[in-house]
Amino acid sequence: MPVYNGFTHEERVRGWQLIHFCIDSGWLAKPERCSITGSSENLQMHCEDYYSPWSPYPVSRSIHMALHRRFRQPDPWNRIVEIHAVTGDEWFCTLALKQIDLAAMLRAQHGAHIVDVFRRAPFPPNNIAAAQRG
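What this report covers is the structure whose coordinates are included nearby. (Residues numbered from 1 in each chain as written. Predicted model: local features only at pLDDT ≥ 70, side-chain atom pairs only at ≥ 80, totals over all residues. Heavy atoms only, no water.)

### What about the layout of surface pockets?
If you roll a probe as big as a water molecule over the atoms, it shows you where there is empty space left. Counted as a void, the largest pocket has a volume near 590 Å³. Every residue lining the largest pocket is counted, 26 residues in all, and those nearest its centre are Met1, Arg12, His64, Met65 and His68. For the lining of the largest pocket, the secondary structure elements donating two or more residues are helix H1 (9–24), strand E1 (43–46) and helix H2 (61–69). Of the residues forming the lining of the largest pocket, the biggest block, six residues, is contributed by H1. (1 Å grid on protein atoms, 1.4 Å probe; cavity = no way out; pocket = protein on both sides within 12 Å on 5 of 7 lines; lining within 4 Å. Points joined across faces, edges and corners; volume = space filled by probe spheres on them. Helix = DSSP H or I, 4+ residues; strand = E, 2+ residues; numbered from the N terminus.)

This is the structure:
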C-alpha cells in the first residue's frame, strides 16, 4: 500500500491487523453501515491516524477507495461529500484534500514509541492480549 498521511505500508497493515483483532475479539463492533452513505454492502474500516486505529470509521469499499484517492482525484470525493453531508460537520467533511504527514507530526509530538500500536492498544483488562504485551 502507498504511504497515506505519512503512515507507511507496514504501519497501515499493523493498524488494520489491530482493528480486525479487536473486531474478532468482540472489543470493537463489527461495522453494520457505512458512516457516509448508510450502505450495508462491502463494508471496510477507515483510519486517518494509524497510530490510534481503535476508533475507525465504517465505510463501503467504493467510498473507501474514493476517500484514499481524494488527493489525486478530488472531484469524485467532493461529489460524495456534497451528496452525503447533512450539516457539514460530519467527520468526512473535514478531511483535507492535500495530503499531510500526520505520522511525522505525531512522532514529533509524542515520541517514537507512538508507532507501537500493539503495546498502546486499549485492550480490556484481564485478557491474553493485555497480558502478553506486558
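### Considering helix H4 (residues 102–110)
For H4, the set of buried residues is Leu102, Ala103 and Leu106. Projection of H4 onto a plane perpendicular to its axis shows the buried side chains occupying an angular sector of 100°, all on one side. Two residues or fewer past H4, Gly111 is found with a positive phi of approximately 95°. (Buried < 20%, exposed > 50% of the residue type's maximum accessible area, 1.4 Å probe, protein only. Arc of directions from axis to C-beta.)

### Details of the side chain of Asn5
Positionally, Asn5 belongs in the segment before H1. Residue Asn5 is classed as buried on the basis of its relative accessible area of 3%.

### Here's the deal with the pattern of salt bridges
Where side chains of opposite charge bring their charged atoms close, a pairing between them can arise. As enumerated under the stated definition, the model contains one salt bridge in all. For Glu48, the salt bridge identified is with Arg70, shortest N-O distance 3.4 Å. With Glu48 in the loop between E1 and strand E2 (57–60) and Arg70 in the loop between H2 and helix H3 (74–84), this residue pair connects regions lying 22 residues apart in the sequence. Each member of the pair, Glu48 as well as Arg70, is classed as buried. (Salt bridge = Lys/Arg side-chain N within 4 Å of Asp/Glu carboxyl O.)

Note that every value here comes from positions in space, so none of it alone points to a role or purpose.
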